[in-house]
Amino acid sequence: MKKLFTLLIGICFSLQVSAQSTAKTSDDGARIVITSLVPDGLGGLTPTAQKALKVRLDRIITGSGVGGSSPDNRFVMAAKIIELTKDISTTTPKIYTYTLEVTLIIGDAIEGTKFSSLSFEQRGAGNSETKAYISAIRGIKSKSSKYTDFIAEGKSKITDYYNSKCGLYLKEAETFTAQDDFQAAIAKLTSIPQVCEECYNKAVEAIGPIYQKQIDKQCKIDISAAKSAWSANQDESGAKNASTSLGKIDPNSSCYGDAEVLLSTIAKRIQDLDQREWDFKLKQQQDDVDIQKQTINAARDIGVAYAENQPDVSYNVSFIGY
């Protein structure tokens, strides 16, 4: 345990150095995560037009290097569409031509705060109103120099948000930890992007001990399940069932020794039954570099998995302006 504690401190230190050495690079913005938002029925768009608009927003986000997922997905890019002109030809079939004002908006969809916006005109034509709208929407470019300042301002405001709310994030993580909800605490801390240097460093320092508590908690669950499976059937079938839980146990967890003891017991029993070795091995501890990578990635995976299992967020879309 002493070795692991020292290692976790080393992980925190190495991440702090990494954050400080890379915080000024051009890739920092990629650590800010923005997701697309097209609420149902927003602006009177048909479901088909809404889908087309979401595809465009997703492509703009990806092309700008801010795509991804986060535990709360609170920072979004939405769009407001206003019909400027509508022309209908006298030909058969009729051709509908629209000029639309498209406004892209980056904001906080939880608090309903707008961070940045960009407006431009988009034309589309088709033999129906819906097809004309979709034509205009599909004409929105996924990459353009006009997005540069718009995206940069949005990322800057998001960075300001994390810096101003850092204490709250850390406090909420402490509260979750006190409630033994270690996954929620990890999700809260891992949602802080690396570009928010000072707050990120504080979050990294807090993650190590919480992650240890989480793997210790999970280990107790897995070892209990393994023991129950083995108690129910002390034969090859029971051994296979027990191995399902034993195979999940982190070698750095506090009950790893118990897993080794149970494994030895099972192996001896299998040997006594049919004079052969049981071919199963627990997860093994890797070298320090691998442990660092695995711990960091595992903490992030816990945060993402926790977020994916949460109810859908109730968004405040007032910042879009419809």
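Remember, it's a predicted structure, so these values are computed and weren't measured experimentally.

Cut-offs used in this document
- All residue numbers here refer to positions counted from 1 along the written sequence of the relevant chain.
- Note on the predicted model: pLDDT of at least 70 is required for a residue's local features to be given, and 80 or more for side-chain atom pairs to be given and counted; whole-chain, interface and lining totals, by contrast, use all residues.
- Values reported for side chains reflect all heavy atoms of the structure, with hydrogen atoms and water molecules removed beforehand.
- Put simply, a nonpolar core is a bunch of buried Ala, Val, Leu, Ile, Met, Phe, Trp, Tyr and Cys residues held in one set by side-chain atoms that sit within 4.5 Å of each other.
- Between buried and exposed lies partly exposed: a residue is buried under 20% and exposed over 50% of the maximum accessible area for its type, with that area taken using a 1.4 Å probe on protein chains only.
- The secondary structure listing takes helices from DSSP runs of H or I that are at least 4 residues long and strands from runs of E that are at least 2 residues long, numbered from the N terminus.
- Whether two residues are in contact is decided by their heavy atoms, any of which lying within 4.5 Å being enough.
- Any Phe, Tyr or Trp ring, taking Trp's six-membered ring, that has another such ring centre within 6.5 Å forms a pair; planes under 30 degrees apart are called stacked, those over 60 apart edge-to-face, and the others tilted.
- Charge-over-ring placement is defined geometrically: NZ (Lys) or CZ (Arg) within 6 Å of the ring centre, and within 35 degrees of the ring normal.
- The pairing criterion for strands is at least two bridges between them, as found by DSSP.
- Values of pLDDT, which run from 0 to 100, indicate the predictor's confidence residue by residue.
- For this document, the term salt bridge refers to a Lys or Arg side-chain nitrogen within 4 Å of an Asp or Glu carboxyl oxygen.
- One less than the residue count of a helix, multiplied by 1.5 Å, gives the span that helix is expected to have.

A. A look at the nonpolar core. Membership of the largest hydrophobic core comes to 57 residues, with the highest contact counts inside it found for Met77 and Leu104. Per-element accounting of this core gives the leading share, nine residues, to helix α4 (residues 148-178). Apart from residues lying up to four places away in sequence, Met77 is in contact with Ile34, Thr35, Ser36, Leu37, Leu57, Ile60, Ile61, Ile105, Ile106, Phe150 and Ile151. Within the second largest apolar cluster, 18 residues are counted, among which are Ala229, Ile249, Ile270 and Leu282.

B. Region of interest: the packing of aromatic side chains. Under the criterion given, the structure shown has seven aromatic pairs. With centroids separated by 5.6 Å and ring planes inclined at 75°, the aromatic side chains of Tyr161 and Tyr162 adopt a geometry described as edge-to-face. An identical accessibility class is assigned to Tyr161 and Tyr162; each is buried. Where Tyr162 meets Tyr169, the ring centres are 5.7 Å apart and the plane angle is 70°; that geometry is what we call edge-to-face. Here Tyr162 and Tyr169 have matching classes, each one buried. Chaining the aromatic ring pairs together yields one cluster made of Phe75, Phe115, Tyr161, Tyr162 and Tyr169. Over the ring of Phe120 we find Lys146, and its NZ or CZ is 3.8 Å from the ring centre.

C. Looking closely at the pairing of strand β2 (residues 75-88). Relative to β2, strand β1 (residues 35-36) is paired through two bridges, and the arrangement is parallel. What sits directly across from Thr35, in β2, is Val76. In terms of strand pairing, β2 meets strand β3 (residues 96-108) through 13 bridges, oriented antiparallel. Considered in β3, the bridge of Ile81 is made with Val102.

D. Looking closely at the confidence of the model for the protein. With 85% of its residues at a pLDDT of 70 or more, the protein has an overall mean of 84. Within the protein, strand β4 (residues 113-126) carries the highest mean pLDDT (96), whereas helix α1 (residues 2-22) carries the lowest (37). Residue range residues 1-30 is modelled with pLDDT below 50. Its contacts to residues more than four positions away, or to other chains, number 43 contacts.

E. Spotlight on the pattern of salt bridges. A complete count under the given rule lists eleven salt bridges for this structure. A salt bridge links Arg74 to Glu111, with the shortest nitrogen-to-oxygen separation between them at 3.7 Å. Of this pair, Arg74 sits in the loop between α2 (47-63) and β2 while Glu111 sits in the loop between β3 and β4, placing them 37 residues apart in sequence. Note that Asp272 is salt-bridged to Lys268, the shortest N-O span being 3.2 Å. In this pair, Asp272 and Lys268 both sit in helix α8 (residues 256-274), four residues apart, roughly one turn of the helix. Judged by relative accessible area, Asp272 falls into the partly exposed class, the value being 46%. Given a relative accessible area of 53%, Lys268 falls into the exposed group. Within this structure, Arg74, Asp108, Glu111 and Lys165 form a network of salt bridges that share partners.

F. Up close: α8. The terminal C-alpha atoms of α8 lie 27 Å apart, and with 19 residues this matches the ideal 27 Å at 1.5 Å per residue to within 8%. Contacts made by the buried residues of α8 are with α6 (197-232) and α7 (236-246).

G. Layout of unusual backbone geometry. That bond from Thr92 to Pro93 is cis: its omega, 0°, falls within 30 degrees of zero. Within the fold, Pro93 resides in the loop between β2 and β3. Unusually for a residue other than glycine, Asp180 sits at a positive phi of about 65°. With respect to the helices, strands and loops of the structure, Asp180 is situated in the loop between α4 and α5 (182-190). The exposure class assigned to Asp180 is partly exposed, which follows from its relative accessible area of 44%.

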